[in-house]
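# A structural walkthrough
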Amino acid sequence: METNIDNQQLIVSEKMKKMFGHIDYKHPPELCPVRDVMSVASDQWSTLILLWLAYFPVLRFNKLKKYVYGISNKILSQRLKALEADGYVVRMAYAEVPVRVEYNLTQFGKDYVEKLLELTEWMHENSPKVMANRARYGLRSPSQH
């Protein structure tokens, strides 16, 4: 008799086969969609930028910098440009003095955030376990280094 856990494991196994089962390890593909897309949309800063833009539908640069605590102007600018280039974010500049620039999510960005929320909720719920495991292992949190 199969259980829900057995079914879930089977589903995960099938998805993994679909994702990696066709790869010739002696001649790996030049482009890895997972690595290529994840490198832009899932670094620590981009994740926070996307989540804040989902919470506040429109944000200006300085407000976004305030919410994404610890990010420099240079990195925020770089991450916003990369997210815009990939289609997650749209930048609107208004011809005012001084120029007003606003950022918001595209529909593509909103769709991604829906998926990202599942992961961030899991992280939030499991953060105490990770911290306890690090403490047992003798490591501090990366933010404490």
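Residues numbered from 1 in each chain as written. Predicted model: local features only at pLDDT ≥ 70, side-chain atom pairs only at ≥ 80, totals over all residues. Heavy atoms only, no water.

### What about the packing of helix α3 (residues 44–55) against helix α5 (residues 73–86)?
This is how it is decided: The axes used here are C-alpha line fits, helices contributing only the stretch in contact, and every angle between their N-to-C directions lies in the interval 0 to 180 degrees. Helix and strand labels come from DSSP, where a helix needs a run of H or I of at least four residues and a strand needs a run of E of at least two; each type is numbered from the N terminus. Small angles under 35 degrees read as roughly parallel and large ones over 145 as roughly antiparallel, with 65 to 115 read as roughly perpendicular and the rest as oblique. Any two residues having at least one pair of non-hydrogen atoms within 4.5 Å are treated as being in contact. Each residue receives one of three labels: charged for Asp, Glu, Lys and Arg, nonpolar for Ala, Val, Leu, Ile, Met, Phe, Trp, Tyr, Cys and Pro, and polar for the others, Gly being one of them.
Closest axis-to-axis distance for the α3/α5 pair is 10 Å, and the angle between their directions is 70°. When the axis of α3 is compared with that of α5, the two are roughly perpendicular. From α3, Trp 45, Ser 46, Ile 49 and Leu 50 reach across to α5, where they touch Ile 75, Leu 76, Arg 79, Leu 80 and Leu 83. Looking at the contact of α3 with α5 residue by residue, the class counts come to 7 nonpolar, 1 polar and 1 charged.

### Focus: the pattern of salt bridges
Put simply, the rule is: What makes a salt bridge here is a side-chain nitrogen of Lys or Arg within 4 Å of a carboxyl oxygen of Asp or Glu, nothing more.
According to the stated counting rule, one finds 3 salt bridges in the structure shown. Of the charged contacts in the structure, one is a salt bridge between Arg 100 and Glu 96, with a shortest N-O distance of 2.9 Å. Among the ionic pairs, Arg 100 bridges to Glu 102, the shortest N-O distance being 2.7 Å. Three or more residues are tied together by salt bridges with common partners; here these are Glu 96, Arg 100 and Glu 102.

### Re the nonpolar core
Here is the rule we go by: What makes a nonpolar core is a set of buried Ala, Val, Leu, Ile, Met, Phe, Trp, Tyr and Cys residues whose side-chain atoms join them at distances within 4.5 Å. Only protein chains enter the area calculation, which uses a 1.4 Å probe; residues under 20% of their type maximum are buried, those over 50% are exposed, and those in between are partly exposed.
Ile 49, Leu 50, Leu 53, Leu 64 and Val 89 are the most contacted members of the largest nonpolar core, which totals 21 residues. Counting only elements with at least two residues in this core, the list comes to α2 (33–41), α3, α5, β3 (100–105) and α6 (107–137). A total of 4 residues in this core trace back to one element, the largest contributor, which is α5. Contact partners of Leu 53, with chain neighbours within four places excluded, come to Leu 59, Leu 64, Val 89, Tyr 103, Asn 104 and Leu 105.

### As for the sheet that holds β3
Short version of the rule: Between any two strands, at least two bridges found by DSSP are needed for them to pair.
Pairing within the open sheet is antiparallel, and its 3 strands lie in the order β1-β3-β2. Each edge of the sheet is formed by a strand with only one pairing partner; in this case those strands are β1 (59–60) and β2 (89–94).

### Points about the packing of α3 against α6
As a reminder of what qualifies: Here a crossing is taken to be left-handed if its near helix is turned anticlockwise relative to the far helix by less than a right angle, and right-handed if that turn runs clockwise.
Where α3 meets α6, the axes come as close as 11 Å, and the angle between the chain directions of the two elements is 110°. Put simply, α3 runs roughly perpendicular to α6. For the crossing formed where α3 meets α6, the hand is left-handed. Where α3 approaches α6, its residues Thr 47, Leu 50, Leu 51 and Ala 54 are matched on the opposing element by Tyr 112, Val 113, Leu 116, Leu 117 and Thr 120. Class assignment for the residues of the contact of α3 with α6 results in 7 nonpolar, 2 polar and no charged.

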